[in-house]
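Survey of secondary and tertiary structure
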Amino acid sequence: MEWFDAHNLARLQFAFTVSFHIIFPSFSIGLASFLAVLNGLHLYTGKTVYLTLFNYWKKIFAIAFGMGVVSGIVMSYEFGTNWSVFADKVGPVIGPLMGYEVMSAFFLEAGFLGVMLFGRERVGPKLHFFATLMVAAGTAMSAFWILSVNSWMQTPAGFGYNDVGQFIVKDWLEVIFNPSLPYRLVHMVLAAYLTTAFVVGSVGAYHLLKQRLNPNPDAQGKLSAEAVRTMFSMAMWMAAIVAPLQMMAGDAHGLNTLKYQPRKIAAIEGHYETVSRAPLILFGIPDTKEQKMNYVVEIPVLGSLILTHTLDGTIQGMKEWPIAEQPPMGIVFFAFRGMVGIGMLMLCLGLWSLWLRYKGKLYDAPLMHRAALYMGPSGFVAVLCGWVVTEVGRQPYTVYNLLTTAQSASPIDAAAVAGSLLAFIVVYFTLFGAGVFYILRLMSHPPSPIQSELSRDTPLRAAGFVPPAFHDEQMGKQP
Amino acid sequence: MNLDYALIWAGLIAFAVIAYVCLDGFDLGVGILFPFAQNETQRDEMMNSVAPVWDGNETWLVLGGGGLFAVFPLAYSIIMPAMYAPFFIMLLALVFRGVSFEFRWKSHRRKYLWDWAFAGGSIVATFAQGMALGTLVQGIQVTGRAYSGGWWDWLSPFSLLTGCALLIGYILLGSTWLIYKAEGAVQAMAYRFARIAAVLMLVMIGIVSLWTPLLHEHFMVKWFAWPAMLFVAPVPVLVLLCAALLFKGLKNQQELTPFIATQGLFVLSYIGLGISFYPYIVPSSVTIWAAAGPDNSLKFLLVGAVFLIPIILSYTIYSYWVFRGKVGKTSAYHS
């Protein structure tokens, strides 16, 4: 029980709240862009199917975005409550970046969200498209700034110190565009797009499977089926294009990490010994005490080939550093394998969809639809695994090599941190559980064209989040 | 040119906080009044009056917190641990309330649960904010560069009083907002609450104004020493003027005047607090200049703020303009 001191409890709390939080942005970044594309396509082609899909995903976006906002507000205060020494020392560097995030991203999203959700009839289709674009731009800008902050903590640059021991900035461009930012940004934005593509694809697949049970739909059903096929097709295009891009981005990110954070790579690869012609360890159980891997399954030479792009490249092993400076290897090692494994599956599904499309059978492949259905949450798992790799791999530091996590914590009693952690766990699981339930329930209904036609005619009064027709259909059972 | 960046930023952060109080204050107030609605239709009307704007309103809280972190990291790292409990409670309450905006419309059988989450979250968040303010005003124990007070420091008669005062203040903001946006029964209820809250609000302003100078000698000198008194005298005079406008507006059943007058009361009380605080950011222990980060951090963010805050304000105003007028009884669709 000694492990549970205030500082480790604060780490647990941060890990818990940030893990919960990242689920929603990784969905809403992708979904906001998807909504902007749908809105733009409707404006450009005039086809109702795009508006139908826009209205369908808009409601899901509203819930996911709301949960992202409230769990994000918590984060912005947690730096101070649990990590006050970190906040004091690093504030002059990363604080302004977060200030830019609030001013350029949060306000943009929040300011145009109301117009995007409720305002279509009030402002007309063109301004409504503009509002959707602004929301999408806000989510993207938010990703840029917060990843700049995180990247600086991984690969600090452009800084100095002042006489009270704070980090100060020498060169803002070096701080913002620090060495790992470009790689992390591309990797994360692609991850968000992939995550969204697999959620959309999964919902599409679910309704494709359901519609097989009803081979002779009425006019309504036909329109709905068209919308389902459109979203499934769009999602599978994304999967087929983005999954391979993501592999390349991940590889480049890995090389960047090798250069700046070799310890993290040692943990990812599972190497304790420094070796040339390093094997790729597929599986093993790390033993920190003995400093060796047990039960190893490996492919010779492939490790060097992947990381150094040569056959006899040398990879530093974890033993190069004292145990006190090592990140926990097991967590990083397994989380990385989880992420890459899911990436491989995503690539397979993308290729499968290309093959079926070529054969003209994309909408008539129940086995593949079933696979796409089950892979719906895969993006979230991969994103969480990826963040575990990069954050745990940075340990025992908050600012890599410069400020330890233990030095960063607030002078707060363990009891206070434990109490708030417990409350966060209970509240988050209850509330966000309910949110996920509502999202799943929305997803279980097929997109209905009537709903979008009618909601156009509704008076422009802020009508809540549920267009009337949809609600009537829900409430029909209990008039 | 040698600008006093710390002072400029103190002004900007103060602006973000008062913008938050004025804006989120009325939608929290609507939440506090939620249990008093007679039926589902009325609750729908109340929630719809703030649904399109609450998210933007709450973003000012993030700017206040994030801005403090960015430009006054020392103040941030002292204030946050000192306010651990009230802020933590406030954040959880805001989570409850924020999700109910969405969940309420999605729930079929358990809608009442989210009604309570919305009301309860609003009440608790407001009270916690009021207590946090009281805690800050009464002073925080600081040693070196860190908070050195106890776990229960935030709980005192004064902070309980400020908690109640803010509750009443937000009720007044919420009810005058509803007078402006709602019709019929909801508006009538809002008039009733506004009349009571207006009286209580003035009483609270009186008590807090008299109590505050007693907390520190520093505050006392500010308000009751000659000739400083001459400079601060306009504040109480303007408070009385706003109060007169408020009561007149309520009496003559005007729709917009009471809301504007209430906002005036909030701004003036806030200016009064600002006068008491200056030049400290953590009363009587850390000044604005001691808490400020290095000049180049302040300058870097200021460039963005000068450019972005006017843009933020203009599209915020645009969004309010899009949803102008009475909220209407669209609730018929939901019942």
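Computed from a prediction, not measured in an experiment: that's the story for all the values here.

What counts and how
- Residues numbered from 1 in each chain as written.
- Chains lettered and ligands numbered in written order.
- Predicted model: local features only at pLDDT ≥ 70, side-chain atom pairs only at ≥ 80, totals over all residues.
- Helix = DSSP H or I, 4+ residues; strand = E, 2+ residues; numbered from the N terminus.
- Rg over C-alpha atoms; globule rule 2.2 N^0.38 Å.
- Buried ≥ 20, exposed ≤ 12 C-beta atoms within 10 Å, placed from the backbone.
- Contact = placed C-beta atoms within 7 Å.
- Nonpolar A, V, L, I, M, F, W, Y, C, P; charged D, E, K, R; others polar.
- Axes fitted to C-alpha atoms, helices over the stretch in contact; angles between N-to-C directions.
- Parallel < 35°, antiparallel > 145°, perpendicular 65-115°, else oblique.
- Left-handed = near helix turned anticlockwise from the far one by under 90°.
- pLDDT = per-residue confidence, 0-100.
- Expected span 1.5 Å × (residues − 1).
- Bend = angle between axes of the 7 residues up to and from the residue.
- Core = buried A, V, L, I, M, F, W, Y, C linked by C-beta atoms within 7 Å.
- Pairing = 2+ DSSP bridges.

On to the overall build of chain B. A tally of helices and strands in chain B yields 14 helices and four strands. Taken over C-alpha atoms, the radius of gyration comes to 20 Å for chain B, in line with the 20 Å a tight globule of 335 residues would show. Expressed along its principal axes, the backbone C-alpha trace of chain B runs to roughly 60 × 45 × 40 Å. Here chain B holds 335 residues, and 56% of them are scored as buried. Relative to all contacts within chain B whose residues are 6 or more apart in sequence, the contacts with residues 24 or more apart total 77%.

With 64 residues of chain B at the contact, the number on the chain A side is 64 residues. Counting residues per element, the ones that place at least two in the side of chain B that touches chain A are α2 (40-50), α3 (54-71), α4 (73-82), α5 (84-106), β2 (146-147) and α14 (295-322) of chain B. If you tally residues by element for the side of chain B that touches chain A, the top one is α5 of chain B, at 15 residues. Partitioned by chemical class, the residues of the side of chain B that touches chain A number 41 nonpolar, 18 polar and five charged.

This paragraph deals with the packing of helix α8 (residues 262-269) of chain A against helix α10 (residues 329-359) of chain A. Residues and elements named next belong to chain A. At their nearest, the axes of α8 and α10 sit 7 Å apart, and the two run at 70 degrees to each other. Classed by the angle they form, the pair α8 and α10 counts as roughly perpendicular. Here α8 and α10 pass one another in a crossing that is right-handed. Between α8 and α10, the contacting residues are K264, A267 and I268 on the first element and M329, V332, F333 and F336 on the second.

This part takes up the confidence of the model for chain B. Detailed reading of the predicted model is not advised wherever pLDDT is low. Residues of chain B with pLDDT of at least 70 account for 97%, and the chain-wide mean is 87. Interface confidence for the predicted complex, given as ipTM, is 0.83, next to a pTM of 0.86.

In this model α3 of chain B runs 26 Å from its N-terminal to its C-terminal C-alpha over 18 residues, within 8% of the 26 Å that 1.5 Å per residue would give. The buried fraction of α3 of chain B amounts to 18 of the 18 residues, a majority that puts the element mostly inside the structure.

Attention now goes to helix α7 (residues 219-260) of chain A. Between the first and last C-alpha of α7 of chain A there are 60 Å, a value that for 42 residues agrees with the 62 Å anticipated at 1.5 Å per step. The largest bend in α7 of chain A is about 30 degrees, located at V242 of chain A, with the proline P244 of chain A one to four residues further on.

So, on to the nonpolar core. Ranked by size, the top nonpolar core spans 261 residues in total, and within it L35, A64 and A239 of chain A together with A75, I79 and L91 of chain B carry the most contacts. Top element by residues in this core is helix α3 (residues 84-118) of chain A. It accounts for 22 residues. Beyond its immediate sequence surroundings of up to four residues, A75 of chain B is in contact with L68, I281, V282, V286 and A291 of chain B.

A word on the pairing of strand β4 (residues 280-287) of chain A. Residue and element names in this part refer to chain A. Bridge count between β4 and strand β5 (residues 292-299): six bridges; the pairing is antiparallel. The residue of β5 that forms the bridge with I285 is N294. Linkage of β4 to β5, two consecutive antiparallel strands, is achieved through a turn of four residues, within which Q291 is found at a positive phi near 55 degrees.

On to the packing of helix α2 (residues 48-82) of chain A against α7 of chain A, then. All names here are of chain A. Between α2 and α7, whose axes approach to 9 Å, the crossing angle comes to 75 degrees. Relative to α7, the element α2 lies roughly perpendicular. Taking contact as the criterion, the partners of V49, T52 and L53 in α2 are, on α7, E226, A227, T230 and M231. Partitioned by chemical class, the residues of the contact of α2 with α7 number four nonpolar, two polar and one charged.

Bringing the environment of L173 of chain B into the picture now. All names here are of chain B. Following the sequence through the fold, L173 ends up in helix α7 (residues 157-181). A count of 30 C-beta atoms within 10 Å places L173 in the buried class. In this structure, the C-alpha to C-alpha distance between L173 and G134, residues 39 residues apart in sequence, is 20 Å. Aside from chain neighbours lying at most four places away, what touches L173 is G25, F26, G29 and T262.

With that settled, consider the environment of L421 of chain A. All names here are of chain A. Tracing the chain through its elements places L421 in helix α14 (residues 414-444). Looking at L421, the number of C-beta atoms within 10 Å reads 18, which means it is partly exposed. Along the sequence, L421 and L209 sit 212 residues apart, while their C-alpha atoms lie 42 Å from each other.

Our next topic: the environment of F103 of chain B. As for its position among the elements, F103 of chain B is in helix α5. Once you skip the residues sitting within four places of it in the chain, F103 of chain B turns out to touch A434, G435 and Y438 of chain A together with W114 of chain B.

Put simply, chain A has an average pLDDT of 86, and 93% of its residues get 70 or more. This stretch, residues 451-479 of chain A, has a pLDDT under 50; its non-local contacts, to residues over four places away or in other chains, come to 56 contacts.

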